[in-house]
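Notes for the structure review
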Amino acid sequence: MDITAPVKPPEQKKRRRGRNPVLRLLGYLFAVGMILFVVASAGVAFLLWSVSKDLPDYEVLAKYEPPVMTRIHASDGSLIAEYATERRIYVPMNAIPESLVQAFLSSEDKNFYQHGGIDFQGIARAAVTNLNNLRNNKRLVGASTITQQVAKNFLLSSEVSVERKIKEAILAIRIERAFTKDQILELYLNEIFLGLKSYGVAAAALNYWGKSLNELTLPDVAYLAALPKAPNNYHPFRNTERALSRRNWVIDRMVENGFVTPEEAEAGKAQPLNVNPRPLGVNIFAAEFFAEEVRRQLLDTYGRDKLYGGGLSVRTTLDPRLQREARKALVSGLVAYDRRHGYRGPVQKIEIAGDWGLPLSKIKAPKDIGDWRLAVVLEVDRDKATVGLQPRRLASNALEKGRDGGIIPFKNIKWVRPVNKKGNPGARVKSADAALSIGDVVYVAPDTGKDGAVITGQWKLMQIPAIGGALIAMDPHTGRVLALAGGFSFDESEFDRAIQARRQPGSAFKPIVYVTALDNGYTPASVVLDAPLAIEQGPGLELWRPKNYGNKFAGPSTLRLGLERSRNLMTVRLAQDMGMPLISEYARRFGVYDNLLPMLSMALGAGETTLIRMTTAYSMLANGGKQISATLIDRIQDRYGRTVWRHDARDCPDCRAREWDAQEEPVLTDERLQVVDPQSAYQVTSMLEGVVQRGTGTRVKAVGKPLAGKTGTTNEEKDAWFVGYSPDLAVGVFVGFDQPKPMGRGETGSGAASPIFRDFMMAALAGKPAVPFRIPPGIELIRVNRKTGFRAGPGDPSAILEAFKPGTQPPNFYQPQAPAASQGPGFFTRATPGGLY
């Protein structure tokens, strides 16, 4: 063997590398995961694209103007009424107290200032909580942030769906990028619904407690923060225990977040809710008719959306003190009339066995009749009736516990005169049991002593008047309506008899006729015949024979005497002499009628007009003949405080000076039109003073201040008026049935209306100096005999100071003017085309 030959090494086996199964599985899963990730990402991207393409423009939030309620204020700034579909008062963030913000953050979104629109920690907490809630059959909780709630409330619907939640999240992120946290929180706190018809925290504070935001206590802010999720679930009266529990939970969260101390929390949780809902109707007693007229005017001018959501601030002309006195005087007068015409019986009759309070509580009574209450007669004898009062409803709508009552002594019943089947009152009752029976439901009012103090437990029998009426008080220089009572009860009838009722003014129109005469050559001493008169009305028609009230005639009389004694025949002759077209023109100037028919009967007030028009016309007599227009509104401001309307439209650039720098005082020009000579206006004012002092309005003399006025009564006493004025206050009163019918013999302007005027004026002018009427330059006051018009001699008992224009002084002998109107009794005139002349 050749030992030198190379030796071949032994052949090595190749190492076989097998693949690790774990690695293979991981690789497979990774590949599948990547595919799924790509597919899912594409799906999510497509979903986000499809959802977001139809998203609303979140930038509209920067221009958002939430519906804000319109508020109407009296002239002194006190609130009269609010009108809204959503009762909201928008307040800026800097006006919201920090404690309220802390309460809402603790309740709704404690990480609000940290997250970017979506709170992932909150979502995780909600997921864990909901797992437990599912096992225990409890309500699931949400994890929406305040920003998400803003997105939902402002831009989306309340639909429960995954798509809506995705849209909500996308919008929340976009909103966070476009707005500051304070801007988002301001939108939220002003938008949310918090129950009791309240939107936003400011309106809720007012409606729950009658407080402004800075007056809220810790329990108050915690309760408000408990409400956004479900206000009805935490109703302060229906679900009081749940409401307290939720409120206390919010307080505990505030402790956890370091906003309040444990001691403050315990003190707050010990407090009751103390909710005292603010009335949502008219806030000033007896101002319902006034507020409703303002509402109608705003609706006509600005439309429904602006009225109920435009946030208008309306400063009206209402004087709350005069408004109370107006209603008091009107109610007193209507009740007095009603009592003169008998007792119509009980409102209803009920069984008093058992709990009589329940059936009594079901009988509806007007809510605006002051301290009047329904009561049921429980016992009655000759001297008194024992009554039980209708239980009042609490704020929770539950009836008060216990049953109040009292007695009605016979002295407060003896006015009763039962009405017979023909509607006529009979004789006065002699005892209480002759007027009332057990089970009678009647109205009662607290009895008062001579000092005006209420006598506890003693009541007066009352009856809601069947008669209607109205009173309106006005500033005669500006037309500002200071008080308006349109009827006995707005709750019973919304028909406003001061503004809506068109009635015949009767003799209350005569001052317009007389001022027309004085403005066209007559004087107060001019003599016109007061005697029977017949006027042809045309072929085949009966003669028209106007009459004086009482069918008495005085013969030749001065204009003053004719107006003071309200002589119809003198007025017709005067109108006949001047011509009805001239009187129609003056009626238009004074705003009593737009187009008065030129018929002689119209001179006696046969045309229909309204109380507010008549009072405005008398105001022009009081102010010296300057034209004014009646208004219930001084100014209107929009939601930003900009004045959009003013009654006084005069511009005063010098009034805008920021500071006093010894400049001249601003001067405002009087732009009122002169509708009649101021001397003529004063002359008729002087004659109307005579009506109060010696004529048909003598009941008004008891006021003890310079007053002028005129009664008005229509045929069969269907309408009774008294319109009059002091130098700075004009007042009109109307009394009559809504469906015109005779009020009864003697129920004239003097008997039915003037006492209401008197009572109001006594209250309105109490404590004010007796200011005489202002005499315009050029007027001469001359002593004359008021019956003859001659200059008065020494010691003449009928002498008065009469007002004359320059050059119209009376002669020293009898010289009647207006010969055509003084042709004697029984003269005839023919009807001419267009009316009677």
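The model shown is predicted, which means the values in this text are computed figures rather than measured ones. (Residues numbered from 1 in each chain as written. Predicted model: local features only at pLDDT ≥ 70, side-chain atom pairs only at ≥ 80, totals over all residues. Heavy atoms only, no water.)

1. Observations regarding the sheet that holds strand S2 (residues 79-83)
Condition: Two strands form a pair only when DSSP identifies at least two bridges running between them. Every helix listed is a DSSP run of H or I at least four residues long, and every strand listed is a run of E at least two residues long, numbered separately from the N terminus. Lines are fitted to the C-alpha atoms to define the axes, a helix being fitted only along its stretch in contact, and any angle between axes, read from their N-to-C directions, falls within 0 to 180 degrees. Two residues form a contact once any of their heavy atoms are found within 4.5 Å.
With mixed pairing, the 5 strands of this open sheet are ordered in space as S2-S1-S5-S16-S17. Single-partner strands in this sheet number two, and they are S2 and strand S17 (643-646). Across the sheet, the mean angle separating the axes of adjacent strands is 15° when strand polarity is ignored. Pairing between strand S1 (residues 70-73) and S2: 4 bridges, direction antiparallel. Residue pairing in the sheet places His73 in a bridge with Leu79 of S2. Of the strands in this sheet, S1, S2, strand S5 (313-316), strand S16 (633-637) and S17 touch helix H11 (residues 288-309), which is tilted by about 35° from S2.

2. Observations concerning empty space enclosed by the protein
Going by this rule: Grid points spaced at 1 Å and placed over the protein atoms alone form the basis of the search, with a cavity being a set where a 1.4 Å probe fits but cannot get out and a pocket an open set showing protein on both sides within 12 Å along at least five of seven lines. Lining residues have an atom within 4 Å of a point. Grid points are joined across faces, edges and corners, and a volume is the space filled by probe spheres set on the points. By the convention adopted, Pro, Cys, Tyr, Trp, Phe, Met, Ile, Leu, Val and Ala count as nonpolar, Lys, Arg, Asp and Glu as charged, and the other residues, Gly among them, as polar.
Here the structure, examined in full by the defined rule, presents 1 cavity of 30 Å³ or more. Estimates place the volume of the largest cavity at around 70 Å³. Lining the largest cavity are 14 residues, and of these Ala286, Glu288, Phe289, Arg327 and Gly487 lie nearest its centre. Contributing elements (two or more residues each) for the lining of the largest cavity: H11, helix H12 (320-340) and strand S13 (481-485). Here the lining of the largest cavity is composed, by residue class, of 7 nonpolar, 4 polar and 3 charged.

3. Observations regarding the layout of surface pockets
Quantified by volume, the second largest pocket comes out at close to 1,100 Å³. Classifying every residue of the lining of the second largest pocket gives 14 nonpolar, 5 polar and 8 charged.

4. Thoughts on the state of the cysteines
As used in these notes, a disulfide is a covalent bond between sulfur atoms, one from each of two cysteines. How we decide: Disulfides are defined as pairs of cysteine sulfur atoms found within 2.5 Å of each other. Between buried and exposed lies partly exposed: a residue is buried under 20% and exposed over 50% of the maximum accessible area for its type, with that area taken using a 1.4 Å probe on protein chains only.
Per the counting criterion, the structure on display carries 1 disulfide. Put simply, Cys652 and Cys655 are joined by a disulfide, and their sulfur atoms are 1.9 Å apart. Between Cys652 and Cys655 the sulfur-sulfur dihedral comes to about 70°; the bridge is accordingly right-handed. Exposure remark for Cys652: the relative accessible area of 12% places this residue in the buried category.

5. Points about the confidence of the model for the protein chain
Filter applied, for reference: Confidence per residue, as judged by the predictor, is encoded in pLDDT with a range of 0 to 100.
For the protein chain, per-residue confidence averages 87 on the pLDDT scale, and residues scoring 70 or more make up 86% of the total. Low pLDDT (under 50) marks residues 814-837, which in the prediction has 66 contacts with non-local residues, meaning those over four places away or in another chain.

6. Remarks on the pattern of salt bridges
Filter applied, for reference: Between Lys or Arg on one side and Asp or Glu on the other, a salt bridge is scored when a side-chain nitrogen of the former is within 4 Å of a carboxyl oxygen of the latter.
Taken as a whole and assessed by the stated rule, the structure comprises 37 salt bridges. The closest approach of N and O atoms between Arg503 and Asp719, which form a salt bridge, is 2.7 Å. Of this pair, Arg503 sits in the loop between S13 and helix H14 (510-518) while Asp719 sits in the loop between strand S18 (708-713) and strand S19 (720-726), placing them 216 residues apart in sequence. The exposure class assigned to Asp719 is buried, which follows from its relative accessible area of 4%. For the salt bridge of Asp638 with Arg642, the shortest nitrogen-to-oxygen distance reads 2.9 Å. Relative accessible area serves as the criterion here: at 11%, Asp638 is assigned to the buried category. Beyond isolated ion pairs, a larger network of salt bridges with shared partners links Arg560, Glu564, Arg694, Arg786 and Glu802.

7. Digging into the pairing of S19
Within S19, 7 of the 7 residues are buried, leaving the element largely enclosed by the surrounding structure. The alternating pattern of S19 places Ala720, Phe722, Gly724 and Ser726 and Trp721, Val723 and Tyr725 on opposite faces, both of which are buried. Pairing geometry for S18 and S19, over 6 bridges, is antiparallel. Its bridge partner lying in S19, Gly709 is registered against Gly724. Linking S18 back to S19 in an antiparallel pair, the connection comprises 6 residues, with Glu716 at a positive phi of about 60°. Here 7 bridges tie S19 to strand S20 (residues 729-736), and the two strands are oriented antiparallel to one another.

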